[in-house]
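# Breakdown of the fold
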Amino acid sequence: MSTQVGVALLGLGTVGSSVARAFADRGKRLDAAAGRPLRLVGAAVRDRRKARDVGDLAVTTDPFRLLDDPGIHIVIEVIGGTSPARDLHFAAFERGRHVVTANKELVAKEWNALHEAAKLAKRELRFEAAVAAAIPLIAATRMLAASRPRVVRGLLNGTTTYICSRMESGLGFDAALEEAIAKGYAEADPTADVDGFDAAYKLSILISLLEGRHFHPDNVRRTTLRGLSADTVKAASSRDAKVRYLATADFGERATKARVGPEEVPIASPEGAADGPTNVVTIETDLAGRLVFSGPGAGGDATASAILGDVIAIARAMR
Ligand SMILES: NC(=O)c1ccc[n+]([C@@H]2O[C@H](COP(=O)([O-])OP(=O)(O)OC[C@H]3O[C@@H](n4cnc5c(N)ncnc54)[C@H](OP(=O)(O)O)[C@@H]3O)[C@@H](O)[C@H]2O)c1
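Every chain's residues receive numbers from 1 upward, in the order its sequence appears when written. The model is predicted, so local features are restricted to residues of pLDDT at least 70 and side-chain atom pairs to those at 80 or more, both for listing and for counting; the totals for chains, interfaces and linings are taken over all residues. Hydrogens are left out, water is left out, and the side-chain values use all remaining heavy atoms of the structure.

## Quick look at the site of the ligand
Here is the rule we go by: Nearness is defined per residue: one heavy atom within 4 Å of the molecule or strand is enough. Whenever two N or O atoms come within 3.5 Å, that pair is a polar contact, provided that in protein one can donate a hydrogen and the other can accept it, and provided that, for residues adjacent in sequence, both atoms are side-chain atoms. Here the Shrake-Rupley method, with its probe set to 1.4 Å, supplies the accessible areas, and only the displayed protein chains count as covering residues. Polar here means any residue other than Ala, Val, Leu, Ile, Met, Phe, Trp, Tyr, Cys and Pro, which are nonpolar, and Asp, Glu, Lys and Arg, which are charged; Gly is therefore polar.
Neighbouring the ligand are 22 residues, the closest being Leu12, Asp47, Lys50, Arg52 and Gly299. Between the ligand and Arg52 there is a distance of 2.8 Å, counted from an oxygen atom to a side-chain nitrogen or oxygen. Relative to its unbound accessible surface of 900 Å², the ligand loses 80% to contact with the protein. Its residues assigned to classes, the shell around the ligand comprises 10 nonpolar, 7 polar and 5 charged.

## Some thoughts on the environment of Lys119
Here is the rule: Only DSSP runs of H or I with at least four residues qualify as helices, and only runs of E with at least two residues qualify as strands; both kinds are numbered from the N terminus onward.
As for its placement among the helices and strands, Lys119 is situated in helix H6 (residues 111–121). C-alpha of Lys119 to C-alpha of Val100: the two residues are 19 residues apart in sequence and 14 Å apart in space.

## Structural notes on the packing of helix H8 (residues 158–168) against helix H9 (residues 173–182)
Selection rule: In this analysis, axes come from line fits to C-alpha atoms, helices being fitted only over the stretch in contact, and the angle between any two N-to-C directions falls in the range 0 to 180 degrees. When an angle is under 35 degrees it counts as roughly parallel; over 145 it counts as roughly antiparallel; between 65 and 115 it counts as roughly perpendicular; any other value is oblique. Left-handed describes a crossing whose near helix is turned anticlockwise from the far helix through less than a right angle; right-handed describes the clockwise counterpart. Whether two residues are in contact is decided by their heavy atoms, any of which lying within 4.5 Å being enough.
Running from amino to carboxyl end, H8 crosses H9 at an angle of 130 degrees, the nearest separation of the two axes being 9 Å. Our classification of the angle between H8 and H9 gives oblique. The chirality of how H8 crosses H9 is right-handed. Facing H8, whose interface residues are Thr159, Tyr162, Ile163, Arg166 and Met167, H9 presents Phe173, Ala176, Leu177, Glu179 and Ala180. Partitioned by chemical class, the residues of the contact of H8 with H9 number 7 nonpolar, 1 polar and 2 charged.

## Some details on the domain arrangement of the protein
The criterion, for reference: What counts as a domain boundary in this text is fixed by an automatic or database domain assignment. Simply put, the buried area is the total loss of 1.4 Å probe accessible area from both parts when two parts are fitted together.
Per the domain assignment, the segments making up the protein are domain 1 (5–133 + 300–317) and domain 2 (137–296). A straight line from the C-alpha centre of domain 1 to that of domain 2 covers 27 Å. In this complex, domain 1 contributes 14 residues to the contact, which on the side of domain 2 involves 19 residues. Both sides together, the interface formed by domain 1 and domain 2 hides about 1,400 Å², and carbon and sulfur atoms give 68% of it. Scanning the region where domain 1 abuts domain 2 turns up 5 residue pairs in polar contact (both at pLDDT 80 or more). Every element with two or more residues in the side of domain 1 that touches domain 2 is listed here: helix H5 (104–109) and H6.

Here you go:
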């Protein structure tokens, strides 16, 4: 086997810990898939004192210690948000590292700048995990480059699906949201999920890929799920429908219209059947027809699966 590939993790939370565990538990499988040994060198965190189940992995609060290490070839950023993640992406490219991320917000907002930085550095930016976690939707979307997109529609946020389905069992919005937070589906600050930012970031990434140019998330019309009433949920049910937090892009002749918000879907549809972190995404194009993707759209291991797929793809292509 050829030279070892050094990997650094920036962030060791839900997703980062799953990635670290996968390196510890299935190293041989990863090496075989990459065609060369992969080594997780260390991880950067915010708080060193937190207890973590990551064996003897070296942990630092200074991400630049990892970025500056010449033995690191691939940087996985799973901190989230734009600061300090944005600067760390640029710093990684400046040092000639490849970047793999699950950070939908950063990729959606900084599409052009990140792609330009990667191109300038002749390094890869990969973000399969940023949309629909385990579903290889980014790879599939890239394979549709010859087709003209018509519609993208689906469930891109598991928290809102969970809240809607719990309201069908009689819970009010606030109680369903509290339950989602208690079960770890929603953050303590649920804004990104229930106000549609998370779904808008993911939809903007899919549109940007399908159109081959940046579609900014500010151009996605967002309607909050907050205040969804029990009456609305009941009324949908009387029409054999369910309320789901739907992400939709219509690719018209002139302008693409994108929106996220609560809408009715038929009970018998794939969206109507989903009740938790399952994501369902339909893409319609002129050449490929109607494609439907479904699977785990959140969670540490599901997200780690996509991240490691990206890491392996980069390592295989390295000379
Ligand atoms: N969770 C999911 O199911 C999921 C699915 C798909 C995509 N994603 C995306 O994956 C990313 C990570 O999500 P997550 O759920 O793993 O988040 P998380 O549990 O909050 O973990 C964030 C990690 O980043 C570290 N961190 C924060 N600020 C830092 C800094 N300034 N320097 C170094 N490390 C810092 C934190 O350190 P401490 O541990 O010391 O606090 C923590 O380890 C986000 O972009 C998210 O949108 C998550």
